[in-house]
Structures are given as structure tokens and as C-alpha cells.
Amino acid sequence: MISSRYAAASSAMYKSDNNHSNIMKRYVQYLLSALLVCSPLSLMAQEEEVDAAQSDDVELWTGIEMEKKLSKKLSVGLEGEMRSRSNASEFDRFSLSPSVEYKILKHLKASVGGSVIAMNNPAKDKYRSDNTLKWHRDSYWAPRYRGYAALTGDVDLGRWNISLRERYQVTYRPESSTERYYYLRDGRFNYSEEDVSESKTTQVLRSRLLASYDIRHCPIAPFAGAEITNDISDFALDKIRYTVGADWKVNKSNTVSLVYIYQDVKADDGEDDVNSHIISISYKHKF
């Protein structure tokens, strides 16, 4: 009698889990369809093209992340990151990013977080029509503050895992200033004036599609994906990042990631991003 009741209860639980799994698979399929539909729309909506003559840069990104699980569904994290640019020869930014993640269902999670960013604004030169230097501005550091809210759904297809993340992100850039130096046509210094960058707030929607593969009895998990960033104000395509890489699970608590990213910039959003080949190396520890 007890055995039959236990079997019935187990069967009901199994059916419930299957129902949740089927619901999540349909949910992720809807999200994937929406991304595929929106991507061409955003491509058609773009208005500003980046200077095609600009050569691709090479960047190096490094990061360390710590994650603490507070319960079965709730976890907190803290990530520090350094980025370099100009063929990895100079610092681009340093950032510190706290986050909170909540697992709503087995295949659906929500997260919120933010970043405090020290940004190294690049040096700039302006030339006259006769190719003589008109003015020069040195690089300078300035802060930026960022917040986000995200929803991530995924589905298991055999040993494959397909995930879609939608992230709303807002970035505030306070007013900053430095000196701009003007030169005569013969190259002699003429005068200087203050170069002011006004405060600015940008809002974007970042849509990331990622596929990873679980190799049987192997600690390395390869993955590939793409992320589209759209400016919410006019739904103009900002940039696309294509990604391929692998996570190496050293043990239960430690993971090392090596990633190649190609950044294809579609519009000038004031962030000084350029088309780039990026190597990203990061380490994650779970408590």
C-alpha cells in the first residue's frame, strides 16, 4: 500500500517536472524567435555608420569573479575587470561590478547589478584639409556608473545548452573636462582651451544568444554565440559581438575561461568603441 502511494507520488512529481521543462522549452523557443525577428529590424534601423577606414584594434580583457550562494535560488557576486586597447598597449578601463541573481525556475533566472567604471578616454587629433594638425587632446580618466536588469532562459537539447539573455542597461557619464591644444600650420603651438564632455545617460538593450556543449567526461565546455546591442532611444543598432571560447572547470569551485570576441561597431554612441579583436581571460571562484 505504501509502495503504491510512493510510486503514484513519484509519477506525479515526474510529470510536474516534465511539464515545467516543456513550458521552459516553449518559452526559450519564443525568445529565440523574437531575437531572430528583431535582429534584421535593428539592422535596418541603424542610421549612423562608423568610419569604414578605421582599422580594427586588438584588445585584452582580464577579470576575476567571486560568487556566493546564499540559498538554492539566490546568489550574489562581485567581479573586477581590466581592459586594454591600442593593440593591448594601454589601459582602457577598470571596473568593479556587484550583482544579485535569483533562480525563478529550473531554466529561468533573473539578475540585477551595476558597475563603477574608471574609463580612460582616448587621445584625439583633428587635422585640417591640408593634413596639418589643427588640435590635439591627451587621453584622460573619467568615471562612469552603470546598472542593469536581466532575464535569462535556457533549454537543454541533448548535450547542448542554448540560452538567451535579455539585458536592459543604463549608463551615466558625468561631465568631465581636459585641455585641447591648438597648433599652427607650421606645427608650432598656438593656444589651449578647455575640452568639456557634457554629462550623458545612455540606455541599451543587449540580446545575447549562446550555445554551449557538454563533452562527456571532460572538464572543458566549448561555447559560441553573439550579442546584439541596441540603443533604446531610437532602436538603432549599436554593435554586435561574436564570441567563441571555452570554460575549463578546474574543480567544483574554480573555473577559468578563455574567449575570443570580435566586436563589430555599427554606430557612434559616444563610448569610443571601435571594431576590435578581443582576447578575454577570466577566473571565477564559487564559495
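Note that the structure is predicted; figures quoted are calculated from it, not measured.

### Description of the packing of aromatic side chains
Point 1. Per the counting criterion, the structure on display carries six aromatic pairs.
Point 2. Between Phe94 and Trp141 the ring centres are 5.9 Å apart and the planes differ by 25°, which places this aromatic pair in the stacked class. Pair noted here: Phe94 is in strand β3 (residues 90-105) and Trp141 is in strand β7 (residues 140-157), with a separation of 47 residues, a long-range link.
Point 3. Taking the ring centre of Tyr148 as reference, the NZ or CZ of Arg167 above it sits at 4.0 Å.
Point 4. We note Arg180 situated over the ring of Trp135; from NZ or CZ to the ring centre the distance is 3.9 Å.

### Examining the sheet that holds β3
Point 1. Pairing in this closed barrel of 11 strands is mixed, and the strands run β1-β2-β3-β4-β7-β8-β11-β12-β13-β14-β15 around the ring. Recorded for the sheet is a direction-independent mean angle of 20° between the axes of neighbouring strands.

### Notes on the environment of Asn87
Point 1. With respect to the helices and strands, the residue Asn87 is situated in the loop between β2 (74-85) and β3.
Point 2. Once the C-alpha coordinates of Asn87 and Leu60 are considered, the two residues, 27 residues apart in sequence, prove to be 8.2 Å apart.
Point 3. Those residues in contact with Asn87 that lie beyond four places of it in its chain are Asp57 and Val58.

### Some points on a nonpolar patch on the surface
Point 1. Residues Val244, Leu258, Tyr260, Ile279 and Ile281 make up a contiguous nonpolar surface patch of roughly 410 Å² in combined accessible area.
Point 2. Taken together, the elements giving at least two residues each to the nonpolar patch come down to β14 (254-265) and β15 (276-286).
Point 3. Following the sequence through the fold, Ile281 ends up in strand β15.
Point 4. What makes Ile281 partly exposed here is its relative accessible area of 39%.

### Concerning the pattern of salt bridges
Point 1. Enumeration according to the criterion identifies 15 salt bridges in this entry.
Point 2. Where Lys284 meets Glu67, a salt bridge forms, and the shortest distance between an N and an O atom there is 3.0 Å. With Lys284 in strand β15 and Glu67 in strand β1 (residues 57-69), this residue pair connects regions lying 217 residues apart in the sequence.
Point 3. Where Glu90 meets Arg85, a salt bridge forms, and the shortest distance between an N and an O atom there is 2.8 Å.
Point 4. Assessed through its relative accessible area of 33%, Glu90 is described here as partly exposed.
Point 5. The class of Arg85 is buried, set by a relative accessible area of 8%.
Point 6. Sharing partners across several salt bridges, the network here consists of Arg85, Glu90, Asp92 and Arg93.

### With respect to the confidence of the model for the protein
Point 1. For the protein, per-residue confidence averages 86 on the pLDDT scale, and residues scoring 70 or more make up 80% of the total.
Point 2. Confidence over residues 34-53 falls short of pLDDT 50; this stretch has 24 contacts with residues more than four positions distant or in other chains.

### Remarks on a positive patch on the surface
Point 1. Among the surface-exposed residues, Lys69, Lys72, Lys103, Lys106, Lys249, Lys252 and Lys286 lie close enough to one another that they form a single positively charged patch.
Point 2. In this structure, Lys72 sits in the loop between β1 and β2.
Point 3. A residue is classified by how much of its surface remains accessible, and Lys72, at 78% relative accessible area, is exposed.

### Regarding a negative patch on the surface
Point 1. A cluster of acidic side chains, namely Glu175, Glu179, Glu193, Glu194 and Glu198, defines a negative patch on the protein surface.
Point 2. Position of Glu175 among the secondary structure elements: in the loop between β8 (160-173) and β9 (176-183).
Point 3. When its relative accessible area of 58% is taken as the criterion, Glu175 is described as exposed.

### Things to note about the side chain of Thr171
Point 1. Along the chain, Thr171 turns up in strand β8.
Point 2. For Thr171, a relative accessible area of 3% corresponds to the buried category.
Point 3. A polar atom in the side chain of Thr171 sits 2.8 Å from the side chain of Arg146.
Point 4. Beyond its immediate stretch of four places on either side in the chain, Thr171 contacts Arg144, Tyr145, Arg146, Lys200, Thr201 and Thr202.

Criteria and cut-off values
- Residues numbered from 1 in each chain as written.
- Predicted model: local features only at pLDDT ≥ 70, side-chain atom pairs only at ≥ 80, totals over all residues.
- Heavy atoms only, no water.
- Phe/Tyr/Trp six-rings, centres within 6.5 Å; stacked < 30°, edge-to-face > 60°.
- Helix = DSSP H or I, 4+ residues; strand = E, 2+ residues; numbered from the N terminus.
- Lys NZ or Arg CZ within 6 Å of the ring centre and 35° of its normal.
- Pairing = 2+ DSSP bridges.
- Axes fitted to C-alpha atoms, helices over the stretch in contact; angles between N-to-C directions.
- Contact = heavy atoms within 4.5 Å.
- Patch = residues over 30% accessible without salt bridge, like charges linked within 9 Å, V, L, I, M, F, W, Y side chains within 5 Å.
- Areas by Shrake-Rupley, 256 points an atom, 1.4 Å probe, with all protein chains shown as cover.
- Salt bridge = Lys/Arg side-chain N within 4 Å of Asp/Glu carboxyl O.
- Buried < 20%, exposed > 50% of the residue type's maximum accessible area, 1.4 Å probe, protein only.
- pLDDT = per-residue confidence, 0-100.
- Lys, Arg positive; Asp, Glu negative; His and termini not counted.
- Charge placed at Lys NZ, Arg CZ, Asp CG, Glu CD.
- Polar contact = N/O pair within 3.5 Å; in protein donor to acceptor, adjacent residues only side chain to side chain.

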